[in-house]
Amino acid sequence: MNETNDLARLLRAAATDMPDNPFRAEEVRTRVGQHHRRQRRTVLVAGLAAVAVGAVAVVFGLGLGDDSGPTTIVPAKTSTATPPSAPPTTTPPAPTTTAPPPQDGRVHLFGGVSLIPPKGWTVSASGESGDMQVCLVPPVSQYADLPCDGGIELQSGSVVGQEGAPFQAHQPWGWYQGSGQAPCPTPPADGVNGAVNEIWPGAAPASGDPESAGGPSLVEQSAWTVNGYTGAYDKWAAHCNNGFTFYPRSWYLPDVPFQVLDAVGHPDADAQLLATIKVGSDESRRMFFDDGVSLIPPKGWTVLWAVFNPRSGTLAPHGRWACLVPGTAFAYRSDASCSGILIEVGTVTGHAGQPFQAHQDDGWSADAGPVGCPRRPPNANSDGSDPVVSGAPGDTRTDVRAPIEQGPRTLAGQTAVYDMWVAHCADDDYTFYPRSWYLPRIPFRVLDYSGNPTVTDALLATIKIS
């Protein structure tokens, strides 16, 4: 597999250049490798890997809807794979947060999703995003190098797929979240001449050559319907140098988005779990921010949320920043502060990292340095880094950095300051129109790069301020 860094680019797309804002591009890039633990030879990256004390972390998540309930949470395991017959390698446990489980054992996740884990399985999560990325760990696990120790991984609100890219239905290698090669989940750990017993796409080939094509990597695909929502089912084949073949399976609902991912195969547990899944109403997907701000994200949009600020060494207050991104945007937008809709509460950043002011020149751009094009140009050889120029191509205004529209707008029953700017990419004249709705009293702002006014207007209509 190629050594890609799609998730780093994805997270950079959520960056703004504010002194205490965890979405700064350089800070987010520092953390992205920790979240997915992309170590070429030693571990298969899991989106739920617990982060060591003192390490820089990225956590996606914002909080539950109204139908959330308590559950038992224990830290995710991070030990390396150990053969069943060999003494296990142990890691001192991280602090555990425990609360009485609901009477029916139902676990509530981001986006109004709830479910009941299989009997005897452990509910495990790490960090503040325990409602968005959860492990279900079997009573006995032999696969510590796979996500959730070879159990079942649940992702809600932000679903990671092939090599760190956003998951999409029927990705050819969609279950594999790491990059490079990873060791096989079964012994021996080493193959011929000490080489890693690696994982390869497809079932084990008849030729005996583990690196030769042994069949398609995606072996089954179909629709999946649950609770009135239609999604996708995928089944892949993968094999190791030693001939061991396994079949990861995924059940995916793009409207949330939400995924059940079983990397090794637990058919009885899968059946138990799938039969209990419920998806709540739109209101159950409401996200709550500081200062009484709440909203419902567009269906199918990914929620990005970073909570660690390495500059100060402290956690950013929960509920102050979020980036809402349409899944299709990741492949085409690379350097905008947020490639969808940026939510800022408590501190609102304007041009070059300065406090935002109404009708500010280039108030949409928080970066202190040059801004790259917010989409990947049609030229396949371009890395999407061509510079952004204020104004439209051929703009003859005296101040091309000034808003082209401004004035009052009603937002959540209050009078907000509205601005719309125009800018374009120098290399291909791609023109875009960032829009901002700003309430200085809180302060609170919605900054829209998505270019989809219908979706943005629907989002604005859900905003409440208590």
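Here is what the cut-offs are and how they apply
Residue numbers run consecutively from 1 along every chain, following the written order of its sequence. Given that the model is predicted, a residue must reach a pLDDT of at least 70 before its local features are reported, and side-chain atom pairs must reach 80 or more before they are shown or counted; all residues, however, enter totals for whole chains, interfaces and linings. Side-chain numbers come from the whole structure's heavy atoms, not from hydrogens or water. The helix count covers DSSP runs of H or I at least four residues long, the strand count covers runs of E at least two residues long, and both are numbered beginning at the N terminus. Any two residues whose heavy atoms approach within 4.5 Å at even a single point are treated as in contact. Cysteine sulfur atoms are paired as a disulfide whenever they come within 2.5 Å of each other. Type-normalised accessible area, obtained with a 1.4 Å probe on protein chains alone, sets the label of each residue: buried when under 20%, exposed when over 50%, and partly exposed for intermediate values. Any two strands with at least two DSSP-identified bridges between them are counted as paired. Axis angles are defined between N-to-C directions and span 0 to 180 degrees, where every axis is a line fitted to C-alpha atoms and, for a helix, only to the segment in contact.

This next bit is on the environment of P408. The residue P408 is located in strand β22 (residues 405-411) in this model. Spatially, the C-alpha atoms of P408 and W437 are 9.0 Å apart, while their sequence positions differ by 29 residues. Once residues lying within four places of it in the same chain are set aside, the contact partners of P408 are T415 and A416.

The subject of this paragraph is the state of the cysteines. With the rule as written, the count across this model stands at two disulfides. The side chain of C135 participates in a disulfide bridge whose partner is C148; the two sulfur atoms lie 2.1 Å from each other. The S-S bond linking C135 to C148 shows a torsion near -85°; that makes this disulfide left-handed. Taken as a pair, C135 in strand β4 (residues 133-137) and C148 in the loop between β4 and β5 (152-156) lie far apart in primary sequence, 13 residues in all. Note on cysteine connectivity: C184 is disulfide-linked to C240, with sulfurs 2.1 Å apart. In this structure the cystine formed by C184 and C240 twists about its S-S bond by roughly 75°; its chirality is therefore right-handed. With a gap of 56 residues between them, C184 in the loop between β5 and β6 (199-201) and C240 in strand β9 (residues 238-240) connect regions that are remote in the sequence.

To continue, consider the pairing of β4. Counting buried positions along β4 yields five of five residues, so the element is predominantly enclosed. Of the two faces of β4, the one lined by Q133, C135 and V137 and the one lined by V134 and L136 are each fully buried. Bridging between strand β3 (residues 122-124) and β4 involves three bridges; their strand directions are antiparallel. Paired with S124 across the strands is C135, a residue of β4. Where β4 and β5 come together, four bridges link them in antiparallel fashion. Bridged to Q133 within β5 is Q155.

Another point: unusual backbone geometry. Following V256, the chain continues to P257 via a peptide bond in cis, the omega torsion being -10°. Locating P257 in the fold gives a position in the loop between β11 (249-253) and β12 (258-262). Omega for the peptide link from I442 to P443 comes to -15°, which places this bond in the cis form. Take P443: it is sitting in the loop between β26 (435-439) and β27 (444-448). The backbone phi angle of A352 is positive, close to 55°, even though this residue is not glycine. Relative to the helices and strands, A352 is located in the loop between β20 (341-345) and β21 (388-390). On the basis of relative accessible area, A352 is assigned to the partly exposed category, the value being 28%. One non-glycine residue, H359, lies in the positive phi region at around 65°. Mapped onto the elements, H359 comes out in the loop between β20 and β21.

Another aspect to go through is the sheet that holds β27. Here we have seven strands laid out as an open sheet, ordered β16-β19-β20-β27-β26-β23-β22, and antiparallel in their pairing. This sheet does not close on itself; its edge strands, each paired only once, are β16 (301-304) and β22. With direction set aside, neighbouring strand axes in the sheet form an average angle of 20°. Pairing between β26 and β27: five bridges, direction antiparallel. Residue pairing for β27: L439 is matched across the bridge by F444. Sheet contacts for helix α4 (residues 453-462): β16, β19 (321-326), β20, β22, β26 and β27; angle to β26, the most-contacted strand, approximately 10°.

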